[in-house]
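Summary of structural features
Here are the chains, one letter per residue:
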Amino acid sequence: MKDLASFDFDHQHQNRKNRIIDMKKNIACVDLFCGAGGLTHGFVLEGLPVVAGIDLDPACRFPYEQNNGAARFLERDISTITTTELKELFGNADVTILAGCAPCQPFSTYAQRYEINGNDGKWGLLYQFARLAEGTMPDVITMENVPTVAKHAVFHDFVDTLKRLGYEVWYAVVDSSLYGVPQIRRRMVLLASKHGKIEMIEPTRKKPKTVKQAIGHLCHLSAGESSPKDKLHVTSTLSDTNLKRIKASKPGGTWRDWPTHLVAKCHRAESGRTYPGVYGRMEWDKPAPTMTTQCYGFGNGRFGHPEQDRAISLREAAILQSFPLDYKFIPKDGEVSFKVLGRLIGNAVPVDLGRAIALSINRHLASVAR
């Protein structure tokens, strides 16, 4: 096996055979809040069999099932999933893994201004995760979320529940860019095991992958144009004003670089001066900013292409989330909806972060099997 310090994920040439786990062992993973399949796909690429993904969003079914082999998609609210149903999904597996990324919006800095009750609605989804963990007692549990989740009681209640059940628990904020994801994306990762110490592998890259390395090879597009070879390589339109703005924007710059007449009124106000990252261009030689559900919009963050006068395309956003170039999000005759696909891409666990988590689990299982 390669030295992990120099290990680099390559979706096009990666040998998908499991390099650590003896495949004679019967392993079954279930992915809660599976979304379009970012975490699942990372597990599959590293040889951890995923039997099912559960999510409430029907738009997730096609990408999840089309790209992840035998994994089946269950369109369900996890609060309605019983422990009996979850045990049936695990079947007679010798090793069971329960994974999930509860929707992070309740824990975001923005949402905290408006929500203070951690027991209801989306805030309570971690309690549902804990309920299913306690009812099925999987061998390994993993969770991914935004760093600020650790500020809330629901997270610590989740950790305390796992410890009470006898799990060894590790968690920390990790930099996804050091695991092959070509964007700045700091995430809380939790790993827990019934079989002893478990922790995240060391970073797989010394330097982050850059925007140019990730998307520099894709064909040129104008604003509002789509590639004839890839429906997802499509860009949103720009108003005349925003076209002038992006032409006046520098890679890594801000709207402060523009002529005064192009600056929006909200930015001229004192309250707007703390948001210099909107209407910005990415830089070729650095990782991208964090992908969000609105990453296809020039005005929604630093989502301008480094040199082309447009926002990044949906395909570019997916690649910056480390999805393979050929990952299918819609059928051939499917409709491209920026809102729907932006949600699926922006909310996903980056595939290469999923791979790093899978490698961590593989290493742990190999160590306890000796």
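As a reminder, the structure under discussion sits directly above these lines.
Calculation notes
Residues numbered from 1 in each chain as written. Predicted model: local features only at pLDDT ≥ 70, side-chain atom pairs only at ≥ 80, totals over all residues. Heavy atoms only, no water. Helix = DSSP H or I, 4+ residues; strand = E, 2+ residues; numbered from the N terminus. Buried < 20%, exposed > 50% of the residue type's maximum accessible area, 1.4 Å probe, protein only. Contact = heavy atoms within 4.5 Å. Areas by Shrake-Rupley, 256 points an atom, 1.4 Å probe, with all protein chains shown as cover. Axes fitted to C-alpha atoms, helices over the stretch in contact; angles between N-to-C directions. Parallel < 35°, antiparallel > 145°, perpendicular 65-115°, else oblique. Left-handed = near helix turned anticlockwise from the far one by under 90°. Salt bridge = Lys/Arg side-chain N within 4 Å of Asp/Glu carboxyl O. Pairing = 2+ DSSP bridges. Right-handed = clockwise from strand over helix to strand, strands pointing away. Phe/Tyr/Trp six-rings, centres within 6.5 Å; stacked < 30°, edge-to-face > 60°. Lys NZ or Arg CZ within 6 Å of the ring centre and 35° of its normal. Core = buried A, V, L, I, M, F, W, Y, C linked by side-chain atoms within 4.5 Å. Arc of directions from axis to C-beta.

This paragraph deals with the overall build of the protein chain. Regarding its fold elements, the protein chain presents 11 helices and 9 strands. A burial count over the protein chain gives 54% of its 370 residues as buried. In the protein chain, once contacts between residues fewer than 6 apart in sequence are set aside, the share between residues at least 24 apart is 68%. Taken as a whole, the protein chain presents about 16,600 Å² of accessible surface, with 50% of it coming from carbon and sulfur.

What follows is about the packing of helix α1 (residues 38–45) against helix α11 (residues 351–369). For the pair α1 and α11, the least separation of the axes is 7 Å and the interaxial angle reads 50 degrees. Judged on the interaxial angle alone, α11 and α1 are oblique. Here the hand of the crossing between α1 and α11 comes out right-handed. Here Gly38, Leu39, His41, Gly42, Phe43 and Leu45 of α1 lie close against α11, whose contacting residues are Val351, Gly354, Arg355, Ile357, Ala358 and Ile361.

Opposite charge on two side chains permits them to pair, given that their charged atoms come into close proximity. Per the stated rule, a full pass over the model turns up 12 salt bridges. With a shortest N-O distance of 3.4 Å, Glu134 and Arg164 are connected by a salt bridge. In this pair, Glu134 is assigned in helix α4 (residues 125–136) and Arg164 in helix α5 (residues 153–164), connecting sequence segments 30 residues apart. On the basis of relative accessibility, which here comes to 55%, the residue Arg164 falls in the exposed class.

The element strand β1 (residues 27–32) is largely enclosed, with a buried count of 6 among its 6 residues. Pairing of β1 with strand β2 (residues 50–55), which is carried by 4 bridges, proceeds in the parallel orientation. Of the residues in β2, the one forming a bridge with Asp31 is Gly53. Once you follow β1 into α1 and on to β2, the crossover reads as right-handed.

On to the packing of aromatic side chains, then. For any pair of aromatic rings, the description rests on two quantities: the centre-to-centre distance and the angle between the ring planes. Taken as a whole and assessed by the stated rule, the structure comprises 10 aromatic pairs. Ring centres of Tyr64 and Phe73 lie 6.1 Å apart, and the angle between their planes is 50 degrees; this geometry places the pair in the tilted category. Each ring, one from Phe323 and one from Phe329, has its centre 5.2 Å from the other, and the planes form 75 degrees; the classification is edge-to-face. The class for Phe323 is buried, based on a relative accessible area of 2%. Site record: aromatic cluster; members linked through ring pairs are Phe33, Phe129 and Phe158. Arg245 extends its terminal NZ or CZ atom over the ring of Tyr279, reaching a point 5.2 Å from the ring centre. Cation over ring: Arg256 sits above Trp255, and NZ or CZ is 5.1 Å from the ring centre.

A few words on the sheet that holds strand β7 (residues 186–193). Strand order in the open sheet formed by 7 strands is β3-β2-β1-β4-β5-β7-β6, and the pairing between neighbours is mixed. Of all strands in the sheet, those bounded by a partner on one side alone are β3 (72–75) and β6 (168–175). Neighbour-to-neighbour, the strand axes of this sheet turn through a mean angle of 15 degrees, independent of strand direction. As judged from the 8 bridges shared by β6 and β7, these two strands associate in the antiparallel manner. Opposite Trp170, over in β7, you have Leu191 as the bridge partner. Packing of helix α3 (residues 83–90) onto the sheet brings it into contact with β1, β2, β3 and β4 (95–100), and relative to β1 it is tilted by some 135 degrees.

Before going further, it helps to spend a moment on the nonpolar core. With 62 residues, the main nonpolar core has Phe43, Ile97, Met291, Phe329, Ile357 and Ile361 as its most contacted residues. Residue contributions to this core peak at 8 residues, all from α11. Of all hydrophobic cores here, the second largest spans 34 residues; its members include Ala28, Leu132, Phe158 and Ala192.

Listed as buried for α3 are Leu86, Leu89 and Phe90. Down the axis of α3, the buried set is contained in an arc of 100 degrees. They therefore lie on one face. Looking at the packing, one finds that the buried side of α3 touches β1, β2, β3, β4 and α4. A positive phi of about 65 degrees marks Gly91, the residue just after α3.

Across the interface, α3 lies against α4 with an axial gap of 9 Å and an inter-helix angle of 65 degrees. Note on packing geometry: the crossing formed by α3 with α4 is right-handed. Side by side, α3 and α4 meet where Thr83, Leu86, Lys87 and Phe90 of the first sit next to Arg131, Leu132, Gly135 and Thr136 of the second.

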